[in-house]
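Here is how the chains run, residue by residue.
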Amino acid sequence: GGGHVARRLREAGSEVVSVDPAPGMESDVVARAEQLPFAAGSFDVAVCRIAAHHFDDVALAVREMARVARDRVVVQDNLFQSEQVEEAERLHDPSHVRCYSEAEWRSFFSAAGLRVDALEILRRRLPLEPWLERAQTPPDDASRVRELLADRTEEGLVETEAIILRGRH
């Protein structure tokens, strides 16, 4: 995407080429992560933040990121928590495909020829109502999401987990 990470990297002085399949995201290049239109080794680093759970083929996307990155690949995404949470995610945003476990993420990196040299699990508490509103979740679906996440919600905050992996060639 053309969002937070791209902006921060540019502010830090990095040359950035952002990619997103949705023209409305205002990325530099419109393409899917599974089909990056760049030559092998075009970039020092490939970064993906909170998007992979929307990809049709995450393993292929990681292989593509590894192909275009000379040095490393960094991915942050929501971590698989339960089938109940997956249902809530799909109701919240129908473009959600699936979240993956730490073991699955490690296998994606390994299959792409990447050695995981850093991994972190983040536990976060996110405001539920703004999350539903941003995605314009229909009222009936929002109600079901609240039910599905009730055991993870306290004082309007939903407890979630994300994973950050850094892999090198």
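In short, a report on the structure.

Thoughts on the packing of aromatic side chains
Going through the model one piece at a time under the given rule, you end up with 5 aromatic pairs. With 4.9 Å between their ring centres and 90° between their planes, Phe-38 and Phe-43 make a pair best called edge-to-face. Residue Phe-38 is classed as buried on the basis of its relative accessible area, which comes to 19%. When the ring of Tyr-100 is compared with that of Trp-105, the centres are 6.1 Å apart and the planes differ by 85°; the resulting orientation is edge-to-face. Grouping residues by exposure puts Tyr-100 and Trp-105 together as buried. Here a set of aromatic residues connected by ring pairs shows up, and it is made of Tyr-100, Trp-105, Phe-108 and Phe-109.

Digging into the pattern of salt bridges
As enumerated under the stated definition, the model contains 16 salt bridges in all. In this structure, Glu-34 and Arg-32 form a salt bridge, with 3.3 Å as the shortest nitrogen-oxygen distance. By relative accessible area, which is 6% here, Glu-34 ends up buried. Given the relative accessible area of 33%, Arg-32 is considered partly exposed.

The rules behind the values
Residues numbered from 1 in each chain as written. Predicted model: local features only at pLDDT ≥ 70, side-chain atom pairs only at ≥ 80, totals over all residues. Heavy atoms only, no water. Phe/Tyr/Trp six-rings, centres within 6.5 Å; stacked < 30°, edge-to-face > 60°. Buried < 20%, exposed > 50% of the residue type's maximum accessible area, 1.4 Å probe, protein only. Salt bridge = Lys/Arg side-chain N within 4 Å of Asp/Glu carboxyl O.

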